Amino acid sequence: MKKFTKILAVILAALFVVGCFAACSGSSNEEEKTLLKVGFDQDGFVPFGYTDENGDWTGFDLELAKECIALMDGYDDIELVPLEWNSKDTLMDTGAVDIIWNGFTIQGREDKYEWTKPYMSNRQVVIVAEDSGINNLGDLADKIVGTQKDSSGLDAIESNEELMAIIKDNAPMQFDGYETALMELEVGSVDALVIDEQVISVKIKNGDAEGIKILDEALSTEDYGVGAKKGNTELIAAIENALNTLAENGKVAELSEKYFGYDATVWAAE
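Only a predicted model underlies this, so the values are computations on that prediction, with no experimental measurement involved.

1. Focus: the overall build of the protein
Summing up its helical and strand segments, the protein has nine helices and 12 strands in all. Across the 270 residues that make up the protein, the buried fraction comes to 42%. Across the protein, every contact between residues at least 6 apart in sequence was considered, and the portion connecting residues at least 24 apart equals 75%. As displayed, the protein has an accessible area near 13,700 Å², and 49% of this comes from carbon and sulfur atoms.

2. Observations regarding the pattern of salt bridges
Pairing between side chains becomes possible if they bear opposite charge and their charged atoms approach one another. Scanning all chains against the criterion turns up nine salt bridges. Ionic pairing is found between K230 and E114, a salt bridge with its closest N-O pair at 4.0 Å. With K230 in the loop between β12 (220–229) and α8 (233–248) and E114 in strand β6 (residues 113–115), the pair connects residues that are 116 residues apart, well separated along the chain. E114 gets classed as buried once you look at its relative accessible area, which sits at 17%. One salt bridge in this structure joins E197 and R123, with 2.9 Å as the shortest N-O distance. Note that E197 is positioned in helix α7 (residues 197–205) and R123 in strand β7 (residues 120–129), a separation of 74 residues in sequence. Given the relative accessible area of 22%, E197 is considered partly exposed. Look at the salt bridges and you will find they share partners, linking E67, K251 and E254 into a network.

3. Let's talk about unusual backbone geometry
A cis amide bond links V46 with the next residue in sequence, P47, at an omega value of 5°. For P47, the location among the structural elements is in the loop between β1 (35–41) and β2 (50–51). Within the chain, D142 stands out as a residue other than glycine whose phi angle is a positive 60°. Within the fold, D142 resides in the loop between β7 and β8 (145–148). We note that D169 has phi near 65°; this positive angle belongs to a residue other than glycine. Note that D169 resides in the loop between α5 (161–166) and β9 (173–175).

4. What about empty space enclosed by the protein?
In total, this model carries one cavity of 30 Å³ or more according to the counting rule given. Within this model, the largest cavity holds a volume of roughly 100 Å³. Forming the walls of the largest cavity are 14 residues, and the residues nearest its centre are F45, W85, G103, Q148 and D196. A total of four residues in the lining of the largest cavity trace back to one element, the largest contributor, which is strand β5 (residues 99–105).

Definitions and cut-offs
- Residues numbered from 1 in each chain as written.
- Predicted model: local features only at pLDDT ≥ 70, side-chain atom pairs only at ≥ 80, totals over all residues.
- Heavy atoms only, no water.
- Helix = DSSP H or I, 4+ residues; strand = E, 2+ residues; numbered from the N terminus.
- Buried < 20%, exposed > 50% of the residue type's maximum accessible area, 1.4 Å probe, protein only.
- Contact = heavy atoms within 4.5 Å.
- Areas by Shrake-Rupley, 256 points an atom, 1.4 Å probe, with all protein chains shown as cover.
- Salt bridge = Lys/Arg side-chain N within 4 Å of Asp/Glu carboxyl O.
- 1 Å grid on protein atoms, 1.4 Å probe; cavity = no way out; pocket = protein on both sides within 12 Å on 5 of 7 lines; lining within 4 Å.
- Points joined across faces, edges and corners; volume = space filled by probe spheres on them.

Next up, the structure:
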């Protein structure tokens, strides 16, 4: 009986060691998994990055990032990092995100980040309610004009001296995200918003921004790119190589058709 008990103890101990080894090996493999941390606006930036009807993150930029990572050496997958837009620099500096890929405007930030070449062009436009009586920039005199914090829209307003001189309080109202800003426009808390044309055009097309019109005069034109921390040229080069492949095989155009209804990109394979 004692002999049997000793044998059983040895078997159990061996099984325990094997189990520990397997668990430890699994944990080690998990730790070794290399993720590319992709930062994007947590408030949603349709159609670039947003939550779908199932509550999952999706969008043109996020799908394009997933396609790229499959072609890049050294990375296993992407990690989606929703962030407050005005905290993006801090998160990049601390390594919480590797890149910003979210309708990210290059102009005015050329020396702040490493950039891919542009993959899409855009304009900063003014939107108002259709029945507002506002038809041009001059009609914004003493009107409340809003936009997102730390955005290209804010830069476009503040760099337009004539507009700054006539709008109410000589300063734009700033919101954490465009979804909040659009709700404020709907209820009349603001008279006009400055927003990315690519974003509002899709919303109007999809019926998500009814009763809204875009003024003919744009405040600025710009380009979207993928931005990484200054000096991270190797990562940007790898993303560009992947995008070149996706442009060649038609995937970039296919995703643009899916989210915009046409090929809105300007990326040309090299």
